[in-house]
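# Topology and contacts: notes
Single-letter residue listing:
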Amino acid sequence: MRTVGFVGLGTMGAPMARNILRSGISVRVYDESRDARGAFADTRAVVCSTLPETYQGCESIVLMLPTIKEVETVLLGDTRALSEANPGCVIVNMSTVSPLENEKIASELHSRGLRFVEAPVARGSDNAHDGTLLIMAAGHTSAVEAVRPVLDTMGETIVCGAIGAASAMKLVNNYLALLSNVVTAEALSLARAYDLDEQFALDVMANTAVGQGYARVVYPKKVLAGDVTAGFPIELALKDLRLATTDGKRLGVAMLSGDVADAIYSAAIDDGRGRQDATAIYQMMSSLND
């Protein structure tokens, strides 16, 4: 991979693109935000103002976008844009969308002679900066192997199988994580009601199996440190949660906890917290008990 196009320079995408650059690969970057593009002015990246310019001469195009709407726009909105990419170009969608959505896109791109890999990520923005993301990749073996050198600049790659498998695994993982977030906030609210010190409660829970996730890593770094700037914003958390619950119900799974969590994340958005970090639901829950 000599030239990679990278679309989506947000909280996760910007450091991911920088890690590809550090490896020596040529990167053409694009974001609809002028400020996001401007942040790459002092790098070796080719900063592009249009999608056709971004795709020009690329062997691979990486997408890190918030929803399927943006993914479809940058891939299918301008039918001429992708013609600027090299023949056989591999499109890598690292955005979190449903398996059915990725399967649909893969089929459309295949009809145009382009290859497709889905590669959603786990872990957070700190890992995006450090190049230690967990990347779940799925697609035809030759396509996955072709882009593995690019993926490896951003983290550890796990191959999941055919298109749909990686996005399904991402939603399963996020479903558990998002419910754990809700339960952690509720548990800490109960600890406060008992007049227990938050840090003491966290220290105890961190030494049990139940506390090895949000209690050990996420909450101390974010909401309990007074930081609710979005590492993973509530509005995107709700989007991911609904992707999982919609697919679960379609497959005949009773997503009862998901419905409860949906109500809580929705209440947080109604409370004006949609762009805050997901852990900010603890602040909302705590305020109900004060």
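Residues numbered from 1 in each chain as written. Predicted model: local features only at pLDDT ≥ 70, side-chain atom pairs only at ≥ 80, totals over all residues. Heavy atoms only, no water.

This paragraph deals with the packing of helix H11 (residues 234-250) against helix H12 (residues 256-270). Packing of H11 against H12 brings their axes to within 10 Å, and their N-to-C directions diverge by 155°. When the axis of H11 is compared with that of H12, the two are roughly antiparallel. Note that H11 runs across H12; the crossing there is left-handed. Note on element contacts: H12 touches H11 through Gly-258, Asp-259, Ala-261, Asp-262, Tyr-265, Ser-266, Ala-268 and Ile-269, opposite Ile-234, Glu-235, Ala-237, Leu-238, Leu-241, Arg-242, Thr-245 and Lys-249. Partitioned by chemical class, the residues of the contact of H11 with H12 number eight nonpolar, three polar and five charged. (Axes fitted to C-alpha atoms, helices over the stretch in contact; angles between N-to-C directions. Helix = DSSP H or I, 4+ residues; strand = E, 2+ residues; numbered from the N terminus. Parallel < 35°, antiparallel > 145°, perpendicular 65-115°, else oblique. Left-handed = near helix turned anticlockwise from the far one by under 90°. Contact = heavy atoms within 4.5 Å. Nonpolar A, V, L, I, M, F, W, Y, C, P; charged D, E, K, R; others polar.)

So, on to unusual backbone geometry. Backbone geometry places Arg-123, a non-glycine residue, at a positive phi of 80°. Position of Arg-123 relative to the elements: it lies in the loop between strand E7 (121-122) and helix H6 (125-130). The backbone phi angle of Asp-195 is positive, close to 65°, even though this residue is not glycine. Inspection of the secondary structure assignment puts Asp-195 in the loop between helix H8 (165-193) and helix H9 (198-205).

Glancing now at the pairing of strand E5 (residues 90-93). In E5, alternate side chains face the same way, and those of Val-90 and Val-92 on one face and Ile-91 and Asn-93 on the other are all buried. Across four bridges, strand E4 (residues 60-63) lies against E5 in parallel orientation. In the sheet register, Ser-60 faces E5, and the bridge partner there is Val-90. On the question of chirality, the crossover connecting E4 to the parallel E5 by way of helix H4 (residues 68-77) is right-handed. Summarising the sheet, E5 and strand E6 (residues 115-118) pair through four bridges and their orientation is parallel. Looking at E6, one finds that Val-90 is bridged to Arg-115. Traced from E5 through helix H5 (residues 99-111) to E6, the parallel crossover comes out right-handed. (Buried < 20%, exposed > 50% of the residue type's maximum accessible area, 1.4 Å probe, protein only. Pairing = 2+ DSSP bridges. Right-handed = clockwise from strand over helix to strand, strands pointing away.)

So, about helix H10 (residues 214-221). For H10, the set of buried residues is Tyr-214, Ala-215 and Tyr-219. When H10 is viewed along its axis, its buried side chains cluster within an angular range of 65° and face the same direction. (Arc of directions from axis to C-beta.)

The end-to-end C-alpha separation of H11 is 24 Å, in line with the 24 Å expected for 17 residues at 1.5 Å each. Among all positions in H11, only Ile-234, Ala-237, Leu-238, Lys-239, Asp-240, Leu-241, Leu-243, Ala-244, Thr-245, Asp-247 and Gly-248 are buried. Of the surrounding elements, those touching the buried residues of H11 are H5, H8, H12 and helix H13 (281-289). Gly-252, located one to two residues past H11, shows a positive phi value of around 85°. (Expected span 1.5 Å × (residues − 1).)

Another aspect to go through is the nonpolar core. In terms of nonpolar packing, the biggest core is built from 33 residues, with Phe-6, Met-16, Val-92, Met-94, Val-117, Leu-151 and Met-154 touching the most fellow members. Those elements giving two or more residues to this core turn out to be strand E1 (3-7), helix H1 (13-22), strand E2 (26-30), E5, strand E8 (133-138) and helix H7 (141-151). Core analysis: the next-biggest nonpolar cluster, separate from the first, contains 32 residues, Val-182, Ala-185, Leu-202 and Ile-234 among them. (Core = buried A, V, L, I, M, F, W, Y, C linked by side-chain atoms within 4.5 Å.)

In this fold, Asn-102 is placed in helix H5. Residue Asn-102 is classed as buried on the basis of its relative accessible area, which comes to 0%.

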